[in-house]
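Architecture and fold: a report
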Amino acid sequence: MAFVIFLIPCFVVGTDVAFSCQNAEDFVGASSPGDIVIGGLFAVHSEMLHPEEDPIKPVIQNCAGFEIQVFLQTLAMIHAIETINNSTLLSGVTLGYEIYDTCAEVTKAMASALRFLSKFNSSEDAVEFKCNYSDYIPRVKAVTGASYSEVSMAVSRLLALQLIPQEVILTSNATTGTIVSPASSAEILSDKIRFPSFFRTIPSDFHQTRAMTRLICESGWNWIGVIATDDDNGRFALESFGVQAMVNNVCIAFKEMLPAYLSDSTFHTKVDQAIEKIVKEKRVNVIVVFMRQFHVLKLFKKAIERNVNKIWIASDNWSAAVKISTIPNIRQLGTVVGFGFKNGDISSFQEFLRNLPKKPTENNKFLREYIMLLSVCAHLEYHDFQTCIANQSQDNLLENDGSKPQMWRDDFLNANVEPGFIHSTMLAVYAIAHAIKGLCKDRDCKDPYAFTPWELLEELKRVVVIDGDKEVKFDSNGDMSTNYDVLLWKEIDGHMEITTMAEYDAEKGGFIFEDEEKKKDFLALKKVQSTCSQPCSPGQVKKVTESPHTCCYECIYCPENHYSNQTDMDYCYRCNNKTYWAPINSSTCYRKTIYFLAWTDWFAIFLLLLSAFGVVLVLSICVIFTKNLDTPVVKASGGLTVCYIILFSHFLIFLSTVFFIDIPTEFKCKTRQALFGISFTLCISCILIKSLKILLAFSFDPKLQNFLKCMYKPIPTVVTCTGIQVIICTFWLIFRTPFVNQNFSIPRAIILECNEGSIVAFGIMLGYIAALAFICFIFAFKGRKLPENYNEAKFITFGMLIYFIAWIVFIPVYATTFGKYLPAVEIIVVLISNYGILCCTFLPKCYIIIYKQETNTKSAFLKMVYTYSSKSASSVAVSQASLDSKSSSFRATITDSCKTENDSVNGNCHFQVPGQSLIKGKVLPKNAARTMVRKRVSSI
């Protein structure tokens, strides 16, 4: 097997040598021996100094910017290991640690990772190249860290490529190392193909960005800015947030990327550009910041100078950073809302900090450096003291190595504790310890060769840790599903305090509030507007403008019959046009008003009164005729039976109008036309018989009389005429029956009406009545010159004319009318035609019966008929004796001949007109008129 040995360059901060180290141990920041060693990677310094000489040599420089919060994380790891060693958790097995400072630089972190991968007990700290690392024992069994996702990605890739594959492979590729991170939250680290050995005790950025988006949505914001560092962590966080924002219709107005390192020459220029962008975008009042603490510190100082006042949404990197919350005039920036890792019980760690001055510093360079910083910056106040610590470099401290601190200032450490990070760090150590405990049940773990890191990796996947009152474990992605604390920077007694406003449930995706006061703080965020456009109120809809962002839009009204019932809707809902309607700019649909000719409608009442009056009139006529049964007028009207049938028909016609009013039903729709049609046909049929009888009684034309005698069969005629109408209505009701119809032609109303089923059948019914009425009219017109006091045919003619006029007008009016008053049109026509025939048929007779009783006697009636018959007979005789006026002499001869000649027998006279055949005439005897009167009266 071939071996390639990589020697690791080591550097240390010392009093004599500034940049190079004498041995590998000088590279370690803090260490403690143990049976099982755990590595630690923390960015105790914020940046690595860059050499000014040219050419640049491959030398790792000293660092600057002492990070109190990260230093506290190293102390948390040390405290957790010491607590475990002092407990019975591992049954005598001692944990050791080696902690390195990455200075937030990937290159220095990689150098530390190379030492972790060096072979255990190797004097040269060499990393062996092997084809199979199943039996390889590295210097450490697991690594805690690093503080930043970018560093964790690089370190994890290095460990995975050399020693740690993704899956449990018991043959050629075995696992020999594990990383457990308490602070790296990048979502990409959940990818077990690229980072198979990566675990973390915090949620991934997926949950954080989803929580941020949920906060933004619930606060009514959709137009925000994002500032992130230009490194892997910032880019992945920005990508994840962008996806979540797009899903939730949140638009990013601008994205500003700041250099990952403060030493970058363009850093300050980029900060100025970001501030200018924030100031320029006046509609953007919410800024999401994915940056490291020292980046935020620089940004906020510049923002305070420019009087920027916004809502800042903080990522977990800096949401609980005390050194930022204590910046002078920080309140001028506006409101800071952040997401931090869920707190746990860190009371033991706070006690550890109180006893820190008693701790030895020989193996902890970070603690020694902090003590030196206390000495250098002891004369300053709180924030200046913090700034002084952050601005000192390791090179500057070389000159003050011998100084002693004037005071410990343990309150400063406690004030800078970020509970979420401390708890996550301790949880990471305890997770490793529980995994070791599981492996050491059946083996002697005091032996460094008892197990390999890849076995520890498999045990970590199954480990369960008791955190407070609940169990936590790693999921399939190597993440612990813990919740977030929603932090609010709140000014209390003149100082900015970082308070917990709510808890975000990562599984359910909602916020949990402890009390109403905190919920009020959360709801108060809605007072700030951060939208590209004003929200569209209900009744309006968004219309996208030329802007590429969907959050920039215009609000337009929903059109008629459309509505929107929420703010900022993308489209309007359509109302059910059949039953609902909506005006323009409506937030709801209204049920259409149902219209029909109701009983309470004034016009319906008026028509009903007319119908009722008609019924009263019919009954009155019936009473009058019944009381005057034996008078000539009643007898001349066809007798009481015929009058009763006609009056009953009129009664039914008036009654049929009731079925045109109120809510249409199937019964009403089927009944009203059939009842009207059959009743009207019965009425016209009876009047037709009367017309035939009158014409027959007073007709002097023998041929017409013969025709009328054949036609005059009252009962068969009435039955036949009415029966035909009954057949028409029966076929109509069977094959195309009328039904209730909802008419939606009026936009905001539903007209309940009867659909006749078949216009053809309706037309045939009316046409048949019109045909009977026309025949009746012809017969009545023929008898219009009857005796003056008995001129019923003339009134029948008038009645039929009224009927024709009414129904001729009805056709166009009915065809062009719609709405609830359509039935009223037919009622009016029915009433007009019914009243016309009723009045013309019976009122003249009632007038004679009541007011001209002297003419309603038999003698007066005979006299009237006699006078009419005498006139009619003389007229007929003269008409028969008259010939052409040009043959006057011939007429005289004829006349004389008829007077003198004896060939006149029984009044007959024979003569012949030239060119014509012999004509036989008849001369009426003297008693002819009297005889004719008797015949007419008897026929009547």
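These figures come from a predicted structure and were not determined experimentally.

**Details of the overall build of the chain**
Tallying secondary structure elements over the chain gives 28 helices and 29 strands in all. Considering only residue pairs separated by 6 or more positions, the chain has 71% of its internal contacts joining residues 24 or more positions apart. Of the roughly 43400 Å² of accessible surface on the chain, a fraction of 57% belongs to carbon and sulfur atoms.

**What about the pattern of salt bridges?**
Two side chains bearing opposite charge may form a pair once their charged atoms approach each other closely. If you walk through the whole model with that rule in mind, you get 25 salt bridges. Its salt-bridge partner being Asp-521, residue Lys-490 comes within 3.0 Å of it at the nearest N-O pair. Taken together, the residues span a long stretch of sequence, with Lys-490 in strand β16 (residues 484–492) and Asp-521 in helix α16 (residues 516–524) at a distance of 31 residues. For Lys-490, a relative accessible area of 30% translates into the label partly exposed. The network of salt bridges with common partners includes Glu-98, Arg-115 and Arg-139.

**Details of the packing of helix α23 (residues 759–782) against helix α24 (residues 792–816)**
At their nearest, the axes of α23 and α24 sit 9 Å apart, and the two run at 150° to each other. Judged by the inter-axis angle, α23 sits roughly antiparallel to α24. Relative to α24, the crossing made by α23 is left-handed. Facing α23, whose interface residues are Phe-762, Leu-766, Ile-769, Ala-770, Ala-773, Phe-774, Cys-776, Phe-777, Ala-780 and Phe-781, α24 presents Ala-793, Ile-796, Thr-797, Met-800, Leu-801, Tyr-803, Phe-804, Trp-807, Phe-810 and Tyr-814. Tallied by class, residues from the contact of α23 with α24 come to 19 nonpolar, one polar and no charged.

**Examining a nonpolar patch on the surface**
Where nonpolar side chains cluster on the molecular surface, the patch consists of Phe-798, Leu-801, Ile-805, Val-809 and Val-813 and spans about 410 Å² of accessible area. Mapped onto the fold, Ile-805 is located in helix α24.

**Remarks on the environment of Val-243**
Relative to the helices and strands, Val-243 resides in helix α5 (residues 232–247). Taking C-alpha positions, Val-243 is 9.3 Å from Arg-210, a pair spaced 33 residues apart along the chain.

**Comments concerning the environment of Ser-481**
Following the sequence through the fold, Ser-481 ends up in the loop between β15 (470–473) and β16. Separated by 24 residues in sequence, Ser-481 and Asp-505 have C-alpha atoms that sit 9.5 Å apart.

**Overview of the sheet that holds strand β27 (residues 749–755)**
A sheet is described by the order of its strands in space; here three strands give the open sequence β25-β27-β26, paired in mixed fashion. With one partner strand each, in any of the chains shown, β25 (593–595) and β26 (739–743) form the two edges of the open sheet. Taken pair by pair, the neighbouring strands of this sheet meet at an average axis angle of 30°, ignoring direction. As paired strands, β26 and β27 are joined by five bridges and run antiparallel to one another. Residue Phe-739 lies in a different strand from β27, and its bridge partner there is Asn-755.

**Re unusual backbone geometry**
With the exception of glycine, the majority of residues adopt a negative phi angle, and the majority of peptide bonds are in the trans configuration. The backbone of Ser-91 sits at a positive phi, close to 50°, despite the residue not being glycine. Of note, Ser-91 is situated in the loop between α1 (68–85) and β5 (95–101). Positive phi, normally seen in glycine, also occurs at Asn-561, with a value near 65°. Structurally, Asn-561 is set in the loop between β20 (553–557) and β21 (562–563). The buried category is assigned to Asn-561, whose relative accessible area is 16%.

**Some words on the sheet that holds strand β10 (residues 251–258)**
Hydrogen bonds along the backbone pair up the strands of a sheet, which may run parallel or antiparallel. On the basis of which strands lie adjacent, the open sheet formed by eight strands has the order β10-β9-β11-β12-β13-β16-β17-β18 and mixed pairing. The outermost strands of the open sheet, each flanked by one partner alone, are β10 and β18 (510–512). Averaged over all neighbouring strand pairs, the angle between strand axes comes to 25°, with direction disregarded. Pairing of strand β9 (residues 223–229) with strand β11 (residues 286–290) involves four bridges; the strand directions are parallel. Paired with Val-226 across the bridge in β11 is Val-288.

**A closer look at helix α7 (residues 293–305)**
Helix length check: α7, at 13 residues, gives a terminal C-alpha distance of 19 Å against a target of 18 Å (1.5 Å per residue), a fit within 8%. For α7, the complete set of buried residues consists of Gln-293, Phe-294, His-295, Val-296, Leu-297, Leu-299, Phe-300, Ala-303 and Ile-304. Just beyond α7, the residue with positive phi is Asn-307, at close to 55°.

**Thoughts on the packing of aromatic side chains**
Inspection of every chain in the model, using the stated rule, returns 41 aromatic pairs. Judged by centre distance (5.5 Å) and plane angle (75°), the ring pair of Phe-625 and Phe-842 falls under edge-to-face. A residue pair is termed long-range when its members are at least 10 positions apart, and Phe-625 in helix α17 (residues 602–627) and Phe-842 in helix α25 (residues 822–851) qualify at 217 residues. Looking at Phe-625, the relative accessible area reads 0%, which means it is buried. Judged by its relative accessible area of 0%, Phe-842 is buried. Three or more aromatic residues joined by ring pairs make a cluster, and in this case those are Phe-676, Phe-680, Trp-732, Phe-762, Phe-774, Phe-777, Tyr-803, Phe-804, Trp-807, Phe-810 and Tyr-814. Taking the ring centre of Phe-451 as reference, the NZ or CZ of Lys-141 above it sits at 4.8 Å.

**Concerning the side chain of Thr-74**
Position of Thr-74 relative to the elements: it lies in helix α1. The class of Thr-74 is buried, set by a relative accessible area of 0%.

**Observations concerning the nonpolar core**
Ranked by internal contacts, the top residues of the largest apolar core, which has 70 residues, are Phe-625, Phe-676 and Met-800. Counting residues per element, the ones that place at least two in this core are α17, α18 (632–636), α19 (639–656), α20 (666–698), α22 (714–735), α23, α24 and α25. When residues in this core are grouped by element, the largest group, 14 residues, is from α25. Ranked by size, the runner-up nonpolar core spans 65 residues in total, among them Ala-80, Leu-89, Val-376 and Val-472.

**So, the state of the cysteines**
All told, the structure shown has eight disulfides when counted by the stated rule. The disulfide partner of Cys-63 is Cys-103, and the S-S distance across this bridge is 1.8 Å. Between Cys-63 and Cys-103, the disulfide has an S-S torsion of 100° and is therefore right-handed. Here the residue Cys-63 occupies a position in strand β4 (residues 63–66), and Cys-103 occupies one in the loop between β5 and α2 (106–117), the gap between them amounting to 40 residues. For Cys-103, a relative accessible area of 0% puts it in the buried group.

**Quick look at the side chain of Thr-531**
With respect to the element layout, Thr-531 can be found in the loop between α16 and β19 (540–544). Thr-531 gets classed as buried once you look at its relative accessible area, which sits at 10%. Within the local environment of Thr-531, its side chain forms a polar contact with the backbone oxygen of Ser-533, the two atoms lying 2.9 Å apart. If sequence neighbours within four positions are ignored, Thr-531 has contacts with Gly-220, Asn-222, Trp-223 and Arg-283.

Conventions adopted
Residues numbered from 1 in each chain as written. Predicted model: local features only at pLDDT ≥ 70, side-chain atom pairs only at ≥ 80, totals over all residues. Heavy atoms only, no water. Helix = DSSP H or I, 4+ residues; strand = E, 2+ residues; numbered from the N terminus. Contact = heavy atoms within 4.5 Å. Areas by Shrake-Rupley, 256 points an atom, 1.4 Å probe, with all protein chains shown as cover. Salt bridge = Lys/Arg side-chain N within 4 Å of Asp/Glu carboxyl O. Buried < 20%, exposed > 50% of the residue type's maximum accessible area, 1.4 Å probe, protein only. Axes fitted to C-alpha atoms, helices over the stretch in contact; angles between N-to-C directions. Parallel < 35°, antiparallel > 145°, perpendicular 65-115°, else oblique. Left-handed = near helix turned anticlockwise from the far one by under 90°. Nonpolar A, V, L, I, M, F, W, Y, C, P; charged D, E, K, R; others polar. Patch = residues over 30% accessible without salt bridge, like charges linked within 9 Å, V, L, I, M, F, W, Y side chains within 5 Å. Pairing = 2+ DSSP bridges. Expected span 1.5 Å × (residues − 1). Phe/Tyr/Trp six-rings, centres within 6.5 Å; stacked < 30°, edge-to-face > 60°. Lys NZ or Arg CZ within 6 Å of the ring centre and 35° of its normal. Core = buried A, V, L, I, M, F, W, Y, C linked by side-chain atoms within 4.5 Å. Disulfide = S-S within 2.5 Å. Polar contact = N/O pair within 3.5 Å; in protein donor to acceptor, adjacent residues only side chain to side chain.

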